[in-house]
Each structure stands twice: as C-alpha cells, then as structure tokens.
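# Summary of the model geometry
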Amino acid sequence: MGSRLNRVKRYFELGRVFSAMLTAGAAILGAYAVGIEVEWWQILIFMAVGFFSHAFGCALNEICDYELDKKVPEISHKPLIKGDITMVQAFSFTLVCLFASYTLVIWFFPHMPTLIFFTLANIFAAAYSFKAKYTPWAYDFTLGAGLFFYTLYGAAAVGEFDLLRDVLNFPMVMVAALIIFLFEVFIQWGNAVKDVETDRLLKVPTRAVVWGYKHEDNLGIRDPNLVYGVIIKLFLITMFIIPFFLDSIGVVDFGFSNYLIGLPLYFVFFIILGIPAQLYSIYTMLGRHTRSSYINFIVKDGVLTWLACPFLVVDTIGVLGAIGLFFLPFIWFLFIKTILYKTPMRPGL
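In what follows, the accompanying structure is described.

About the criteria used
- Residues numbered from 1 in each chain as written.
- Predicted model: local features only at pLDDT ≥ 70, side-chain atom pairs only at ≥ 80, totals over all residues.
- Heavy atoms only, no water.
- Salt bridge = Lys/Arg side-chain N within 4 Å of Asp/Glu carboxyl O.
- Helix = DSSP H or I, 4+ residues; strand = E, 2+ residues; numbered from the N terminus.
- Buried < 20%, exposed > 50% of the residue type's maximum accessible area, 1.4 Å probe, protein only.
- Axes fitted to C-alpha atoms, helices over the stretch in contact; angles between N-to-C directions.
- Parallel < 35°, antiparallel > 145°, perpendicular 65-115°, else oblique.
- Left-handed = near helix turned anticlockwise from the far one by under 90°.
- Contact = heavy atoms within 4.5 Å.
- Nonpolar A, V, L, I, M, F, W, Y, C, P; charged D, E, K, R; others polar.
- Polar contact = N/O pair within 3.5 Å; in protein donor to acceptor, adjacent residues only side chain to side chain.
- Phe/Tyr/Trp six-rings, centres within 6.5 Å; stacked < 30°, edge-to-face > 60°.
- Lys NZ or Arg CZ within 6 Å of the ring centre and 35° of its normal.
- 1 Å grid on protein atoms, 1.4 Å probe; cavity = no way out; pocket = protein on both sides within 12 Å on 5 of 7 lines; lining within 4 Å.
- Points joined across faces, edges and corners; volume = space filled by probe spheres on them.

## Some details on the pattern of salt bridges
If you walk through the whole model with that rule in mind, you get 8 salt bridges. With a closest N to O distance of 3.0 Å, Glu62 and Lys78 form a salt bridge. Of the two residues, Glu62 is situated in helix H3 (residues 40-64) and Lys78 in the loop between helix H4 (66-69) and helix H5 (79-82); the sequence distance between them amounts to 16 residues. Comparing Glu62 with Lys78 shows no difference in burial state: the two are buried. Three or more residues joined by partner-sharing salt bridges are found here, namely Arg10, Glu13 and Asp84.

The following block contains the structure:
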C-alpha cells in the first residue's frame, strides 16, 4: 500500500496537480461570465477536466524540459530527474490525461465551440512545451493564449458561446479571458527572471535573457525587465477597469445588477482588494532577488491576482460564491497535500 501511495505521489508531482484547480478555475470563471447560473454538476466536471488538463500540460512540460531541469540542483527531486518515473511512463501518463479530459468534455459538453476552444487550449499548451520555450516572444505568450482559450471553453460549455457571434452579447466573457491571459503572461515574466541563469546557459530566449538580466542585478525603473513586468500589470489593471468604464458611458451593456455607493459591486471589490494588491506586487518587483525569492514572489502574486478574478462575476455567482471560487484552488492544494503527505505543506515541491 505504501509503495502504491508513493507511486501516486510521484505521478501527481509530475503533473503538478496540486495547482490543478487554478486551471479549472479559469473555465469556471468563463462559465459564470456568460451570466447564467452554473449547475453543481457542471462545476464538478470543470474540476475533473481541469485536473486532467493541468496534469497533461505540466507532465508534457516536464518531459520536454528534462535536459534543462537536470542542470538545476534545486529541482533534482523531480520524478523524472530522480528516475522514479521513466520517460515512457511519463508519456503514457500525458496520453491518459489527455484522453480522459477529452472524454469528459465530449460526453458532458457536446458543443462544437466547446471542443474547438478546448482543442486550441491544448494545442497552445503542447506548443509551449515542444517549441515555444525556444522561440523569441512565444515563451511569453503561448501559455497565456492557451488559458485564454481555456476560459472561452468554460463559457462555451454552459452557454454555447461562439467567439464571432456572441462576443458583444456576453462581453464579460472576453474580459475574463483576457484577464486570465495577462495573469499567465505575468507568471511567465516571473518564471523568466527566476530561471534566467539556467536559461542563459541553455540559450532559452526569454526576455530576461535577451535583456541581459542577472540575479545579482538591482531591478530598477530603468531596467527593461522591470518596465516589461510593470506594463503587463498595468494592462491587467486596465482590463479590470474596462467593464466599468464601457458600461458607465453606455458603449457596452455588461448587465450589472448589484451596486454599492453607486458603483458596480465587482468594481468596488477591485478598488478595495485588486488595485492595492497589484500595486503591492509592482513594488515588490523592485530590488535584488534570488531564485528562491522569485518563487515566493510568484506564489504571492498569483494569490493576490486570483483574489480579484472571481469578483468579476459577482453579479452571477454572489459574494459567497466569489469567495468560494477564490478559495477553491487553495482548498484543493491543502486537501491533496494533506492526503498524500499528512501535512498541508511540504518543502521542495
């Protein structure tokens, strides 16, 4: 029994499934952005598909990054690097996850737009692992594009959302998808500065490598790496403001139904929680960092950015629902860690 549990642990680590509900959360956010009540069974299917989709993409990335990861001592514990899982077993795992995700999508959400968006999301996820990491600028945007389409897949699954036909009928869907896109683009910014020393050795053309960043450098306002990161954050803040702005001037009707002090409820939450959180992240980007401090930064920023996302759909999901959607990835993380390791936290993962 112990050896079987350890085997499960290693496969879960290969697929990085501890953060799988963030992937599922993008689809759930897209579903609620349509403006209809999502049924409980649909949420469960989104979670199951998100689990397999996340595991597929991450395991494939582990396979493709094998040679790179071998040169990073801090991650020598990874299942492929340590030899606990063979390359053939890893490929088999990715195929099983991909097949399982498609089976669920086709069975429960049999709409052509759903399948198209879901397939595009997988294509971009695979392209990132196989090619994009070594292609200038593709590294920065490919995964973001994948999650953009993953958000649209969630919208199409519950509302038969068609990108060309319904973008004006359901404007919050596109806003949510673009926010998730920018969310991931910034994570890639963080990964690039975190791994810049190894990427430079292997000639991975991230912006951090191209612009000559080193961990010993003091990241200041004249550094193009900082400027680029701040620009992503400013675009992200702008995307949260756009629904309020366009609705208030009567250009696009976002269908807001809940107001507080004369402002849409989502925008009140963004002013109170979202803007301070994003400004804090910008502030903490300044200065000198190590690889380990960047890891902490990426985790903190991910939590702070995701905090604002569920409140985009607060009119549909309600305040308690938005809070629940925010906590979903973290409850999942703690649950899986506790089941496998008897503790909610485990160093080195």
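So, next bit.
## Some thoughts on unusual backbone geometry
Despite not being glycine, Arg16 shows a phi value in the positive range, around 45°. Take Arg16: it is sitting in the loop between helix H1 (2-14) and helix H2 (20-33). Although it is not a glycine, Trp137 adopts a positive phi angle of roughly 75°. Counting through the fold element by element, Trp137 comes out in the loop between helix H7 (112-130) and helix H8 (138-159).

## Focus: the packing of H7 against H8
Remark: H7 packs on H8, axes separated minimally by 8 Å, with the N-to-C direction vectors making an angle of 160°. If you check the angle between H7 and H8, you find them roughly antiparallel. Once H7 is placed against H8, the crossing between them reads as left-handed. Along its contact with H7, which presents Pro113, Thr114, Phe117, Phe118, Leu120, Ala121, Phe124, Ala125, Ala127 and Tyr128, the element H8 presents Tyr139, Thr142, Leu143, Ala145, Gly146, Phe149, Tyr150, Leu152, Tyr153, Ala156 and Ala157. Its residues placed into classes, the contact of H7 with H8 shows 18 nonpolar, 3 polar and no charged.

## Quick notes on the side chain of Ser101
Position of Ser101 among the secondary structure elements: in helix H6 (residues 87-108). The exposure class of Ser101 is buried, given its relative accessible area of 1%. A polar side-chain atom of Ser101 sits 2.8 Å from the main-chain carbonyl oxygen of Leu98.

## What about the side chain of Thr305?
Structurally, Thr305 can be placed in helix H15 (residues 291-308). The exposure class of Thr305 is buried, given its relative accessible area of 1%. Of note is the side chain of Thr305, whose polar atom sits 3.1 Å from the side chain of Gln278.

## Examining the environment of Val303
Looking at the element boundaries, Val303 is found in helix H15. Between the C-alpha atom of Val303 and that of Pro329, which follows or precedes it by 26 residues, the distance is 9.5 Å. Setting aside its immediate chain neighbours within four residues, Val303 contacts Phe326 and Phe330.

## Regarding the packing of aromatic side chains
Overall, the coordinates contain 33 aromatic pairs when judged by the stated rule. Measuring from ring centre to ring centre gives 6.1 Å for Trp41 and Phe108, while their planes differ by 45°; the resulting arrangement is tilted. Within this pair, whereas Trp41 is found in helix H3, its partner Phe108 is found in helix H6, the two being separated by 67 residues in sequence. The exposure class assigned to Phe108 is partly exposed, which follows from its relative accessible area of 33%. Between Phe244 and Phe267, the aromatic rings sit 4.2 Å apart at their centres with planes inclined by 10°, giving stacked as the arrangement. In this pair, Phe244 is assigned in helix H13 (residues 224-248) and Phe267 in helix H14 (residues 265-285), connecting sequence segments 23 residues apart. Take Phe267: its relative accessible area is 9%, and that puts it in the buried class. Taking the ring centre of Trp137 as reference, the NZ or CZ of Arg207 above it sits at 4.0 Å.

## Thoughts on the environment of Asp140
Within the element layout of this structure, Asp140 appears in helix H8. Overall, Asp140 belongs to the buried group, its relative accessible area being 1%. Here the alpha-carbon distance between Asp140 and Phe186, two residues 46 residues apart in the chain, equals 8.4 Å. Residues in contact with Asp140, not counting those within four places in the same chain, are Val185, Gln188, Arg207 and Tyr228.

## Digging into the layout of surface pockets
Size it by volume and the second largest pocket reaches roughly 220 Å³. Ala33, Gly35, Met172, Phe254 and Thr316 are the residues nearest the centre of the second largest pocket, which is lined by 18 residues in total. Listing elements by their share of the lining of the second largest pocket, those giving two or more residues are H2, helix H10 (171-194) and helix H16 (314-341). In terms of residues, the lining of the second largest pocket owes the most to one element, H16, which gives 3 residues. For the lining of the second largest pocket, a count of residues per class yields 11 nonpolar, 5 polar and 2 charged.

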